[in-house]
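Topology and contacts: notes
The residues making up each chain are set out below.
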Amino acid sequence: MTPSELRWRCREGLHTSLTSGCCPGYAQANLVILPAKVAADFEQLCRENPVPIPLIGKTEVGNPHRLTDQSVIHDTKFDLTRDFPKYLVYENGKLVAAPTDISSIWQDDHVGFLIGCSYLFDTALTRAGLGPRNLAENKNVSMYITNQRLRDSGVFVNVPYVVSMRPYREADISRVSEITSRFTKTHGAPIAYGYDAAQRLGIADLEKPDFGDQTCINPDEVPVFWGCGVTAQLAALSIHDIIEGPIIGHAPGHMLVTDLRDEDVTES
């Protein structure tokens, strides 16, 4: 299936499940939708924190059918409000809905931001015989809120850093890091690994992720942590008391499949 075919299936309500493993070789994206009045601060937040929040595209103000960089999606029927399998809608900082279509919620002052997703390097790891366990088990990756904080930007202050976790043998971590480090627009190399690192990040229980599914860590493995795009949603929710109207993101694991290939988001 091509990215445009998958987006069509999402648009028609035919695909409402996880996108992990879909359209191998194409970049997937997280989503945050915010009012235009805070868009500049959010974009700068992404620039200041490119590992957890790698910005790969944004919409024109009020237009969910067009990105400012059309190379990300070159589909004339593109619709940010329907091309994700599932969305999360927050009011006053609380989750109120998880629809598959937000066209009735989109507002004229909204700007949609697309944030790089680690699913692309999952494909590269699989090709190298180092496929993440969550893919093998058809699960969503485990994600945790840490005690680390982003660099501030305007109204976005003291935002917590979210990480994703994949278990690997210590002997494989060097190769895993080498492979993923090339994917600079989709989180890049691991930021830490090991049980000591989990403690330093403030993760109390690896069996209880804040988002996604629990991942089994075998006795000969350790947890390996990457920056995670769900950080962007926590950033958006941190300002719910200073903006009016809904804050919208994607449901974790339910990404937008873009038209960007491996070579578009990697360094040689």
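Reading guide: rules and limits
- Position numbers for residues count from 1 along each chain, tracking the sequence in the order it is written.
- Residues qualify for local features only when their pLDDT is at least 70, as the model is predicted, and side-chain atom pairs are given and counted only at 80 or more; totals for whole chains, interfaces and linings, by contrast, use all residues.
- Here the side-chain values reflect all heavy atoms present in the structure, with hydrogen atoms and water set aside.
- Ring pairs shown here join Phe, Tyr and Trp side chains whose ring centres sit within 6.5 Å, with only the six-membered ring taken for Trp; geometry is labelled stacked below 30 degrees between planes, edge-to-face above 60, and tilted in between.
- A run of DSSP states H or I qualifies as a helix once it reaches four residues; a run of E qualifies as a strand once it reaches two. Both are numbered from the N-terminal end.
- In this scheme, a residue with accessible area under 20% of its type's maximum is buried, one over 50% is exposed, and one in between is partly exposed, where area comes from a 1.4 Å probe on protein chains only.
- For a lysine, the NZ atom is tested; for an arginine, the CZ atom; a charge sits over a ring if that atom is within 6 Å of the ring centre and within 35 degrees of the ring normal.
- When a carboxyl oxygen of Asp or Glu is within 4 Å of a side-chain nitrogen of Lys or Arg, the pair counts as a salt bridge.
- Every residue pair with non-hydrogen atoms within 4.5 Å of one another is taken to be in contact.
- Here, nonpolar core refers to any group of buried Ala, Val, Leu, Ile, Met, Phe, Trp, Tyr and Cys residues whose side-chain atoms link them within 4.5 Å.
- Paired strands are those between which DSSP finds at least two bridges.

The next subject is the packing of aromatic side chains. Under the definition given, this model contains 5 aromatic pairs. Ring centres 5.6 Å apart and planes at 65° place the aromatic pair F42 and F156 in the edge-to-face group. Here F156 lies in the loop between strand 7 (142-149) and strand 8 (160-168) and F42 lies in helix 2 (residues 39-48), a separation of 114 residues in the sequence. The two residues F42 and F156 agree in class, both being buried. Seen from their ring centres, F121 and W226 are 5.5 Å apart, and the 35° between their planes marks the pair as tilted. Taken together, the residues span a long stretch of sequence, with F121 in helix 3 (residues 119-127) and W226 in strand 10 (residues 222-227) at a distance of 105 residues. The class for W226 is buried, based on a relative accessible area of 0%. Following the ring pairs from residue to residue traces out a cluster consisting of F42, F113 and F156. Looking at R261, its charged tip hangs above the ring of Y26, at a distance of 4.3 Å from the centre.

Attention now moves to the pattern of salt bridges. Under the counting rule described, the total for this entry stands at 14 salt bridges. Between E60 and R66 there is a salt bridge, with its nearest N and O atoms 3.1 Å apart. Residue classification places E60 among the partly exposed positions, given a relative accessible area of 31%. Taken together, the shared-partner salt bridges connect R7, R11, D75, D83 and D259 into one network.

Further remarks concern helix 3. Of all 9 residues that make up helix 3, 7 are buried, and the element is covered over most of its length. Those residues of helix 3 that sit buried are Y119, L120, F121, D122, T123, A124 and L125. Lining the buried residues of helix 3 we find strand 1 (26-35), helix 4 (133-136), strand 8, helix 5 (170-181) and strand 10. Just past helix 3, the residue G129 takes up positive phi, approximately 80°.

A separate point is the nonpolar core. Among the nonpolar cores identified, the biggest contains 37 residues, and L34, F42, I53, I115, F156, I203 and F225 are the most heavily contacted of them. Contributions of two or more residues to this core are made by strand 1, helix 2, strand 4 (87-91), strand 6 (110-116), strand 8, helix 6 (195-200) and helix 7 (230-237). Apart from the residues within four sequence positions on either side, L34 is in contact with F42, D109, H110, V111, F156, A236, I239, I243 and I247. The next biggest cluster of nonpolar side chains, apart from the first, holds 33 residues, and it includes F78, L125, I173 and V265.

A word on the pairing of strand 6. Counted residue by residue, strand 6 has 7 buried out of 7 residues, so it is predominantly covered. Strand direction decides the pairing type here: strand 1 and strand 6, joined by 7 bridges, are antiparallel. Bridge pairing links A29 to G116 in strand 6.

With that out of the way, let us pick up the pairing of strand 2 (residues 55-60). Across 3 bridges, strand 2 lies against strand 6 in antiparallel orientation. The partner of L55 across the bridge, within strand 6, is I115. Relative to strand 3 (residues 63-67), strand 2 runs antiparallel, the two being bridged by 2 bridges. Note that in strand 3 the partner of E60 across the bridge is N63. Where strand 2 folds back on strand 3, the antiparallel hairpin that results is connected by 2 residues, among which G62 adopts a positive phi of roughly 75°.

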